[in-house]
Amino acid sequence: MDKLLNLNEFEVEHKNPSVEALRRWRELVTVVRNRRRRFRMIANLEKRSEAEQKKRDIKEKIRIALIVQKAALQFIDAAGPHEDKHTIEDDLTDEFREAHFGIGPNELSSVVQKHDIKRLKLHGGVEGIARKVSVSLDEGVQSENISTRHRIYGFNRFTEKPPRSFWMFVWDALQDLTLIILMACAVLSIGVGLGTEGWPKGMYDGMGILLSIILVVMVTAISDYRQSLQFRELDREKKKIFVQVTRDGRRQQVSIYDLVVGDIVHLSIGDQVPADGLFISGYSLQIDESSLSGEVDPVDIYEQHPFLLSGTKVRDGSAKMLVTAVGMRTEWGKLMETLNEGGEDETPLQVKLNGVATIIGKIGLAFAVLTFVVLTVRFLVEKALRNEFTNWSSTDALTLLDYFAIAVTIIVVAVPEGLPLAVTLSLAFAMKQLMDEKALVRHLSACETMGSASCICTDKTGTLTTNHMVVNKLWMCEKIEDISGNDSKNLDKLGISERVFSILLGAIFLNCSAEVVKDEKGKNSILGTPTEAALLEFGLLLGGDRDAQRRQTKILKVEPFNSDKKKMSVLVGLPEDGIRAFCKGAPEIVLRMCDKVVDYSGEIVHLSEEQVRNITDVINGFASEALRTLLLAFKDVDDSNPEKKIPNSGYTLIAVVGIKDPVRPGVKEAVQTCLAAGITVRMVTGDNINTAKAIAKECGILTADGIAIEGPEFSNKSLDERRAIIPNIQVMARSKPSDKLNLVTNLREMFGEVVAVTGDGTNDAPALRQSDIGLAMGIAGTEVAKENADVIVMDDNFATIVNVAKWGRSVYINIQKFVQFQLTVNIVALVINFVSACISGSAPLTAVQLLWVNMIMDTLGALALATEPPNDALMKRTPVPRGASFITKPMWRNVIGQSIYQLIVLGVLNFGGKQLLGLTGSDATSVQNTVIFNSFVFCQVFNEINSREIEKINIFRGMFSSWIFIAVMVSTVVFQVVIVEYLGTFASTVPLSWQLWVLCILIGSVSMIVAVVLKCIPVETAPAKPKQHDGYDALPSGPDLA
């Protein structure tokens, strides 16, 4: 059907479409009434190109400045800094001194942006800068000083375009070329009418058109303005980023927009650096500066190179930084000005409907011209037959002007300007509702694409499980201990020696990035990843003192955990001058690093093959109980090692820890919903394969004929081997981000699947980008993951992902409903006016009436049908495959059937209405035309209800729960009564008797019976029902659901 309408040229990729494709479809859109409004939500390619060039220039400037600065620092004269000191002190104003600050914002930002290490030393290093901005590196900023810091150093906000006012949307709506022509016609009509018929009768026709135009413009502007408010709110949500800071002596979470100069910010892997700053302390910190400078190689940050720039990303390590510049004083602030230039890429549906609107518009334009030509030729022929061709009056001019106005109004009706904009309306509504349901859609196309998702590759931890972890079992000294509830396990209960107990506490407290912090009420809470928090809580239950352990030792080096290494290591200096390494991580990684173990007597012995088998059995036993397993190990290191490297072998195994992470309530039901909807769910996790299988079975993901495989094993297979097993893969365990990327790529390229992927880590970014829909976790997800995602699942819940799919399907089906409704109105309005003009020489629907019909069809129709909430039946049909025809055969069946019914009824009323209705007298024609207009409108009202379901017979289900739909229906009927009964002077109608009102309503309501008959007509054979991977048949769709 798309080929028939030549819609293939109106196709773009839903993600990262090419510039050529974007330009191609724009060039094909030739029939546009209001280009300014139609393309308001479409990317401006020229502006985008300019912004990209500006961005490149800024990045190149930053890159060159950094290179030049680093070279210049080598040649700075030793006497230079003393001159600078004098300048600095002289630059300080009284305002700064009164606020007890010893350095100004320009100097402060200059030190970091220029990477001026000598100038930093001149100020006394990081400690000196901290003193000059009146902050303690341990206590952080005091809350009462924040307003002063805002006043002196500025806010951490960037220059943004001011929001568009309501009157700007009114102005946009007035740019409609056809409305401008109609306004000119109306003014001309008033001028001629006043000259011929006098005041006030001469004004009625023209004033009616003007009032109709004002009504259309205001309704359009209100609808567009409400959309803009929704998008503005969504945009604010997208920009909400929170960071950990130390303020008032305690660690807390604040928005990046609330940061001030002097704040102590805690950074970890995947974070975005929220402001310019200086490195205070940390371990193995690597920064990705590509977003600023374009350089792809990570930059190491340490005491001798402490400069951190806003907008860069933490690739590895952790650190504390001192904020030195915020907002527009940073280079990132200047770059942010260009980020929103050009707008967001249009969605495939927007492009497709622009194509539909263009084709319909061309047909309508041809009909409008033909109608005008036919009416004019008939008028001239009749005038010639009466021998009045040479006698022209102002009445003749008014008649021709009326014909022209009708032709222009036909164009208004025929060019469905609201068709592409209905997609935006539907997406805005869906995105707003999803935000309330804990899903933040970052890209418009994602909401639309999610409705076609055929596969979801989901993480386990936090998505399928609660992410509230507790240590449940412990293997130590060849014994398994059950850890239940919050019972303290002291030394005696564990039955181990004091030395081993001390090492265990060291392995828990020293090799841990989680922290115990106090809130405003003095209550302790643990900040950190759920796994680390569970271990730290276990250590506290054992009676350990984390702070005492930290005070007695010195952390020499840290290798933070990441998804590639699957372990975390630390090197510490012991109180008795020794050095010890601690390591924890995935069993298969850490066990290979161990050659010794603590035996049942608490002695350190060689790790034999038999013990390795026993320990492996323990690990598998824990995993089969759905426990996440970690190994804790240590090694005493020779302190003569000058490089202080953390060893990779020779460790002693202390303990195997089993951590319980319960399955989320409702996950199993959500998985079953996906399977019923034809969506395959695959678990992709870094956990042990036995743990993954146990959780997958509990969630209903892993079935008897399903395959559970480890990531490395999958990636090592050939493409043919992958093709053979991928359809049955339900669990991928021990997967690295590269394994996840391979799976996603193969699913899309080999099988044409529409793949949604969840991710939370920095290394998940490639898979999130490569997938059709990237879903980042809002709680556990890093800023890098969120930035590369299309949707942020704010509660990390799998059920929320299913909601996104449901709303995505709702958007698609709602737009189909609206297109079906609008096509019907278009066909009937065009044909009835054209045929009537050809046969009788007059059009039964006037310009004012057609403008009202256009508003019902366009703005109000979109509001009613494009904003319907989803129902559960949507998740009982298979996904729409790639390349499927948007206007389906059932839609054409309904459109053609309803059009034929309406044309027959209206044709009979037009050509035999007077006789059938027994109309006589001077107003018979006026009554007849009013009945035609009234019947036509009620046909559209009832057809709008019919359009709620394309294939099902029950069209009333859920109707009364959609308040927008009910409000539009009621408003349409009430205003129709007002037009007919009270505004006849302007709308060319006369009041009708109650019998004629009943007749009009009956004519409209018969369309519902017609709809039932039409839906019983088979139009396409149902495809073979696919088997789901759990063995169930796909549930029926289409007419089978009636």
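In the annotation of an unreviewed UniProt entry, the chain is listed under the name Calcium-transporting ATPase and assigned to Corchorus olitorius. Note on the chain: under the UniProt heading Subcellular location (unreviewed entry), the record states "Membrane".

(A) Geometry of the overall build of the chain. When helices and strands are counted, the chain shows 38 helices and 26 strands. Taken across its 1042 residues, the chain has 57% of its residues classed as buried. Counted over contacts in the chain with a minimum sequence separation of 6, partners at least 24 positions apart contribute 74%. Of the side-chain charges in the chain, 112 are positive and 123 negative, and the distance between the mean point of each set is 3 Å.

(B) How the structure looks around the domain arrangement of the chain. Domain parsing of the chain yields domain 1 (100–154 + 257–337), domain 2 (348–428 + 810–1016), domain 3 (439–465 + 664–796) and domain 4 (470–660). For domain 2 versus domain 4, the distance between C-alpha centres works out to 73 Å.

(C) Just the nonpolar core, in detail. Core analysis: the largest hydrophobic core is formed by 160 residues, its most contacted members being Leu182, Met450, Ile773, Phe798, Ile815 and Val819. Counting residues per element, this core draws most heavily on helix 32 (residues 798–840), which supplies 19 residues. Per-domain counts for this core show at least three residues from each of domain 2 (348–428 + 810–1016) and domain 3 (439–465 + 664–796). Ignoring any residue separated from it by four or fewer positions in sequence, one finds Ile815 in contact with Leu349, Leu353, Ala422, Val423, Ser426, Ala866 and Phe886. Ranked by size, the runner-up nonpolar core spans 53 residues in total, among them Val112, Val243, Val245 and Ala319.

(D) Inspection of the pattern of salt bridges at higher detail. Inspection of the entire model under this criterion finds 26 salt bridges. Here Glu107 makes a salt bridge to Arg119, at a shortest N to O gap of 2.7 Å. Of the two residues, Glu107 is situated in helix 6 (residues 105–113) and Arg119 in helix 7 (residues 117–122); the sequence distance between them amounts to twelve residues. Arg119 gets classed as buried once you look at its relative accessible area, which sits at 15%. The partner of Asp459 in a salt bridge is Lys740, and the shortest N-O contact between them spans 3.2 Å. Of this pair, Asp459 sits in the loop between strand 9 (455–458) and strand 10 (470–476) while Lys740 sits in helix 29 (residues 737–751); the two residues are 281 residues apart in sequence, bridging distant segments of the chain.

(E) Structural view of the sheet that holds strand 9. The mixed open sheet is built from eight strands, whose spatial order is 8-26-25-24-9-21-23-22. Of all the strands in the sheet, the pair left with one neighbour each is strand 8 (439–441) and strand 22 (707–710). Pairwise comparison of adjacent strand axes, ignoring direction, gives a mean angle of 20 degrees for this sheet. Looking at chain direction, strand 24 (residues 755–759) and strand 25 (residues 773–777) are connected through four bridges and run parallel. Residue pairing across strands places Gly759 opposite Ala776, the latter belonging to strand 25.

(F) Examining the packing of helix 24 (residues 609–624) against helix 26 (residues 689–699) more closely. Orientation of helix 24 relative to helix 26, taken along the N-to-C sense of each, is 20 degrees, at an axis distance of 7 Å. By the criterion of interaxial angle, the relationship of helix 24 to helix 26 is roughly parallel. Like other packed secondary-structure pairs, helix 24 and helix 26 cross with a definite hand, here right-handed. Here Asn620, Ala623 and Ser624 of helix 24 come into contact with helix 26, specifically with Asn690, Thr691 and Ala694. Among the residues making up the contact of helix 24 with helix 26, the classes are represented as two nonpolar, four polar and no charged.

(G) Just the UniProt feature "transmembrane region" (unreviewed entry) in the chain, in detail. Within this structure's numbering, the places UniProt gives as "transmembrane region" (unreviewed entry) are residues 166–190, 202–222, 359–381, 401–430, 823–843, 849–867, 962–984 and 996–1017. Measuring from the first to the last C-alpha atom of residues 401–430 gives 44 Å, for a span that is 90% helix and 0% strand. Counted over residues 996–1017, helix gives 91% and strand 0%. Its end C-alpha atoms are 32 Å apart.

(H) View of helix 34 (residues 889–917). Of all bends in helix 34, the biggest is about 70 degrees, found at Phe911. Of the residues one or two after helix 34, Gly918 is the one with positive phi, at around 65 degrees.

(I) Just the environment of Leu845, in detail. Topologically, Leu845 is positioned in the loop between helix 32 and helix 33 (847–865). Look past the residues within four positions of Leu845 in its chain and what remains in contact with it is Ile406, Ile832, Asn833, Leu850, Phe933 and Phe936.

(J) Fine view of the packing of aromatic side chains. In this structure the tally under the stated criterion is ten aromatic pairs. The structure contains a cluster of three or more aromatic residues connected by ring pairs, namely Phe166, Trp167, Phe169 and Tyr225. One Lys or Arg, Arg164, reaches over the ring of Phe169 and ends 4.8 Å from the middle of that ring.

(K) Fine view of helix 17 (residues 418–436). Over its 19 residues, helix 17 extends 27 Å from the first C-alpha to the last, a length consistent with the 27 Å expected when each residue adds 1.5 Å. For helix 17, a buried count of 17 out of 19 residues is recorded, marking the element as mostly surrounded by other parts of the structure.

(L) Molecular detail of unusual backbone geometry. With phi around 50 degrees, Ser284 is a residue other than glycine that occupies positive phi space. Here Ser284 is to be found in strand 4 (residues 276–288). In this structure, Ala626 is a non-glycine residue whose phi angle is positive, near 65 degrees. By secondary structure assignment, the location of Ala626 is in the loop between helix 24 and strand 19 (627–637). Given the relative accessible area of 8%, Ala626 is considered buried.

(M) Region of the structure containing the pairing of strand 3 (residues 264–267). Neither face of strand 3 is open: one carries Ile264 and His266, the other Val265 and Leu267, and all of them are buried. With four bridges joining them, strand 3 and strand 7 (residues 313–325) adopt antiparallel strand pairing. Paired with Ile264 across the strands is Leu322, a residue of strand 7.

(N) Structural context of the packing of helix 32 against helix 35 (residues 924–946). As a packed pair, helix 32 and helix 35 sit with axes 10 Å apart at the nearest point and diverge in direction by 160 degrees. Judged on the interaxial angle alone, helix 35 and helix 32 are roughly antiparallel. Like other packed secondary-structure pairs, helix 32 and helix 35 cross with a definite hand, here right-handed. Contacts between helix 32 and helix 35 involve Phe821, Thr824, Val825, Val828 and Ala829 on the former and, on the latter, Phe936, Gln940, Asn943 and Glu944. A per-class count over the contact of helix 32 with helix 35 returns five nonpolar, three polar and one charged.

(O) Seen up close, the environment of Arg499. With respect to the helices, strands and loops of the structure, Arg499 is situated in helix 20 (residues 498–509). Exposure remark for Arg499: the relative accessible area of 46% places this residue in the partly exposed category. Expressed as a C-alpha distance, the spacing of Arg499 and Gly602, which sit 103 residues apart in the sequence, is 8.3 Å.

(P) Inspection of the pairing of strand 9 at higher detail. Side chains Cys455 and Cys457 project from strand 9 onto one buried face, and the interleaved Ile456 and Thr458 project onto a second face that is buried too. Sheet topology places strand 9 next to strand 24; three bridges connect them, and they run parallel. Within strand 24, the residue paired with Cys455 across the bridge is Val755.

(Q) Up close: the state of the cysteines. Per the stated rule, a full pass over the model turns up zero disulfides. In this structure Cys512 is a free cysteine whose sulfur lies 14 Å from that of Cys583, the closest cysteine sulfur available. Distance from the sulfur of Cys583, which forms no disulfide, to the nearest cysteine sulfur (Cys594) is 7.5 Å. Here Cys583 falls in the buried class, since its relative accessible area comes to 1%.

(R) Examining the side chain of Ser962 more closely. Looking at where Ser962 falls in the secondary structure, it is placed in the loop between helix 35 and helix 36 (963–982). Taking relative accessible area as the criterion, Ser962 reaches 3% and is therefore assigned buried. Excluding anything up to four places from it in sequence, Ser962 contacts Glu868 and Pro869.

(S) Structural view of the confidence of the model for the chain. The pLDDT averaged across the chain works out to 82; a share of 90% of its residues lies at or above 70. Per-residue pLDDT stays below 50 along residues 77–90; that stretch engages in nine contacts with residues further than four places along the chain or on separate chains. Counted against residues more than four places away or in other chains, residues 1021–1042, with its pLDDT under 50, gives 33 contacts.

Reading guide: rules and limits
Residues numbered from 1 in each chain as written. Predicted model: local features only at pLDDT ≥ 70, side-chain atom pairs only at ≥ 80, totals over all residues. Heavy atoms only, no water. UniProt positions renumbered as here; feature names shortened; annotations may be inferred. Helix = DSSP H or I, 4+ residues; strand = E, 2+ residues; numbered from the N terminus. Buried < 20%, exposed > 50% of the residue type's maximum accessible area, 1.4 Å probe, protein only. Contact = heavy atoms within 4.5 Å. Lys, Arg positive; Asp, Glu negative; His and termini not counted. Charge placed at Lys NZ, Arg CZ, Asp CG, Glu CD. Domains from an automatic or database assignment. Core = buried A, V, L, I, M, F, W, Y, C linked by side-chain atoms within 4.5 Å. Salt bridge = Lys/Arg side-chain N within 4 Å of Asp/Glu carboxyl O. Pairing = 2+ DSSP bridges. Axes fitted to C-alpha atoms, helices over the stretch in contact; angles between N-to-C directions. Parallel < 35°, antiparallel > 145°, perpendicular 65-115°, else oblique. Left-handed = near helix turned anticlockwise from the far one by under 90°. Nonpolar A, V, L, I, M, F, W, Y, C, P; charged D, E, K, R; others polar. Bend = angle between axes of the 7 residues up to and from the residue. Phe/Tyr/Trp six-rings, centres within 6.5 Å; stacked < 30°, edge-to-face > 60°. Lys NZ or Arg CZ within 6 Å of the ring centre and 35° of its normal. Expected span 1.5 Å × (residues − 1). Disulfide = S-S within 2.5 Å. pLDDT = per-residue confidence, 0-100.

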